[in-house]
Amino acid sequence: MWDHEIRAMASLHAIIASSVFMATVLPAVLLQGFSVYGTHLLWLYSVAGAVTVVNIAVFWLLGISQPTKKHTLGYKLSRLVRSCLYLLLSCLFYHTVVVLYGAPLIETALETFSLAVLLTSLTTLRCLCVLGPNVQAWIRVFSRHGAMSVWDTSLQITVACTLVGAWVGAFPIPLDWDRPWQVWPVSCSLGSVIGFLTGLVAAPAWIHYHRKQLTYKCK
C-alpha cells in the first residue's frame, strides 16, 4: 500500500513538474520575444495556468480529493463557489503579506498581485484539490502532527518549500547588481517555482525514506 501511494504521488508530481517545463518552453517556441525575464508576467501566468489545469485534472482523475457526503448539484455548486472564494481570498492574502514585507503598494501593484496569483496556484489550489474548501481540515493538516495521509504530508512539504523559495528569492532584490532577474518580482516568482519543484521531488522521497516511522493510515 505504501509503495502504491508513493508511486502514484511520484507520477503525479512528475506530471505537474512537466507542466511547469512545458509552460516555459512552449511559449518560447510559439511566441517571438518570449523570455522568463523580458516577458516575465506572461511566463508567470503561463506557469500558474498550466499548474492549475494539470492539478485539477490529475487530482480529479486519481480521485485523491476528500469524498463528499452529498452528491446533489446544489452542493457541488456550493463547493465550487466556496473554492473560487478561497482562491480569491488567498490572492488577496498573499498580496497583503508581500506588501507588508516591503513591496511597493501602488507602483508595482500588478506585479505584486501576479506573484500572489502564482503563489495561490502553487499552494492554495493544491490544498483545495486534496482537502476541499474545508477550513478545519486545512488547520489540522498544517498543525503539528496533523497529517493523516501521505497526501497531507505532501501538502506540508510542497507548501513549505514554495513559501521558503519565494522568501529566499527576495534576498537578492536590494543588492546593487543590476541583473534582469532582480526586477520585481522575478527573483521571488523564480524562487517560488524552484521551491515548488523541489517540494515535488522532496515529498515522495521523504515519505519513502520515513515510511516505517509514519503511523497514519493511507486514504
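As a reminder, the structure under discussion sits directly above these lines.
What this report covers is the structure whose coordinates are included nearby.

Cut-offs and rules
- Residues numbered from 1 in each chain as written.
- Predicted model: local features only at pLDDT ≥ 70, side-chain atom pairs only at ≥ 80, totals over all residues.
- Heavy atoms only, no water.
- Helix = DSSP H or I, 4+ residues; strand = E, 2+ residues; numbered from the N terminus.
- Rg over C-alpha atoms; globule rule 2.2 N^0.38 Å.
- Buried < 20%, exposed > 50% of the residue type's maximum accessible area, 1.4 Å probe, protein only.
- Contact = heavy atoms within 4.5 Å.
- Areas by Shrake-Rupley, 256 points an atom, 1.4 Å probe, with all protein chains shown as cover.
- Lys, Arg positive; Asp, Glu negative; His and termini not counted.
- Charge placed at Lys NZ, Arg CZ, Asp CG, Glu CD.
- Expected span 1.5 Å × (residues − 1).
- Salt bridge = Lys/Arg side-chain N within 4 Å of Asp/Glu carboxyl O.
- Axes fitted to C-alpha atoms, helices over the stretch in contact; angles between N-to-C directions.
- Parallel < 35°, antiparallel > 145°, perpendicular 65-115°, else oblique.
- Left-handed = near helix turned anticlockwise from the far one by under 90°.
- Nonpolar A, V, L, I, M, F, W, Y, C, P; charged D, E, K, R; others polar.
- Bend = angle between axes of the 7 residues up to and from the residue.
- Patch = residues over 30% accessible without salt bridge, like charges linked within 9 Å, V, L, I, M, F, W, Y side chains within 5 Å.
- Phe/Tyr/Trp six-rings, centres within 6.5 Å; stacked < 30°, edge-to-face > 60°.

Scanning the protein chain from N- to C-terminus turns up seven helices and zero strands. Along its sequence from the N terminus, the protein chain presents helices and strands in the succession α-α-α-α-α-α-α. Relative to the compact-globule value of 17 Å for 219 residues, the protein chain shows a C-alpha radius of gyration of 18 Å, a close match. In terms of overall dimensions, the protein chain has C-alpha extents of about 50 × 40 × 40 Å along its principal axes. Scored against the burial criterion, the 219 residues of the protein chain give a buried share of 43%. Partitioning the intrachain contacts of the protein chain with sequence separation of at least 6 by distance along the chain shows that 73% fall at a separation of at least 24. Carbon and sulfur atoms form 71% of the exposed surface of the protein chain, whose accessible area is close to 12200 Å². Between the mean site of the 14 positive side-chain charges and the mean site of the 7 negative ones, the protein chain shows a separation of 22 Å.

What follows is about helix α2 (residues 40-62). Here α2 is 23 residues long and its end C-alpha atoms lie 33 Å apart, about the 33 Å a rise of 1.5 Å per residue gives. For α2, the set of buried residues is His40, Trp43, Leu44, Val47, Ala48, Ala50, Val51, Val54, Asn55, Val58 and Phe59.

This brings us to the pattern of salt bridges. The tally for this structure, following the rule as stated, stands at one salt bridge. Ionic pairing is found between Asp152 and Arg140, a salt bridge with its closest N-O pair at 3.1 Å. Taken together, the residues Asp152 in helix α6 (residues 150-169) and Arg140 in helix α5 (residues 135-141) connect sequence positions 12 residues apart. Residue classification places Asp152 among the buried residues on the basis of a relative accessible area of 1%. The class for Arg140 is partly exposed, based on a relative accessible area of 23%.

At a closest axis distance of 7 Å, the pairing of α6 and helix α7 (residues 186-209) adopts a crossing angle of 150 degrees. Viewed along their axes, α6 and α7 adopt a mutual orientation that is roughly antiparallel. Where α6 crosses over α7, the handedness of that crossing is right-handed. Contact with α6, carried on its side by Val150, Thr153, Ser154, Ile157, Thr158, Cys161, Thr162, Gly165, Ala166 and Gly169, involves Ser187, Cys188, Gly191, Ser192, Gly195, Phe196, Gly199, Leu200, Ala202, Ala203, Trp206 and Ile207 of α7 and no other residues of that element. Residues of the contact of α6 with α7, tallied by class, amount to 11 nonpolar, 11 polar and no charged.

Moving on: helix α4 (residues 109-131). Taking 1.5 Å as the rise per residue, α4 with 23 residues should run 33 Å; its terminal C-alpha atoms sit 31 Å apart, in good agreement. At Thr120, α4 shows its maximal kink, close to 40 degrees. With 19 of its 23 residues buried, α4 lies for the most part within the structure. Looking one or two places after α4, you find Gly132, whose phi comes out positive at around 75 degrees.

On the surface, Phe21, Met22, Val25, Leu26, Val29, Leu30, Leu31 and Leu42 cluster together to form a nonpolar patch covering roughly 770 Å² of accessible area. The dominant element in the nonpolar patch, judged by the number of residues it contributes, is helix α1 (residues 2-30), at six residues. Within the fold, Val25 resides in helix α1.

Applying the stated rule across the entire model yields four aromatic pairs. With centroids separated by 6.2 Å and ring planes inclined at 70 degrees, the aromatic side chains of Phe59 and Trp151 adopt a geometry described as edge-to-face. Taken together, the residues Phe59 in helix α2 and Trp151 in helix α6 connect sequence positions 92 residues apart. The pair formed by Phe59 and Trp151 is uniform in burial state, with each residue classed as buried.

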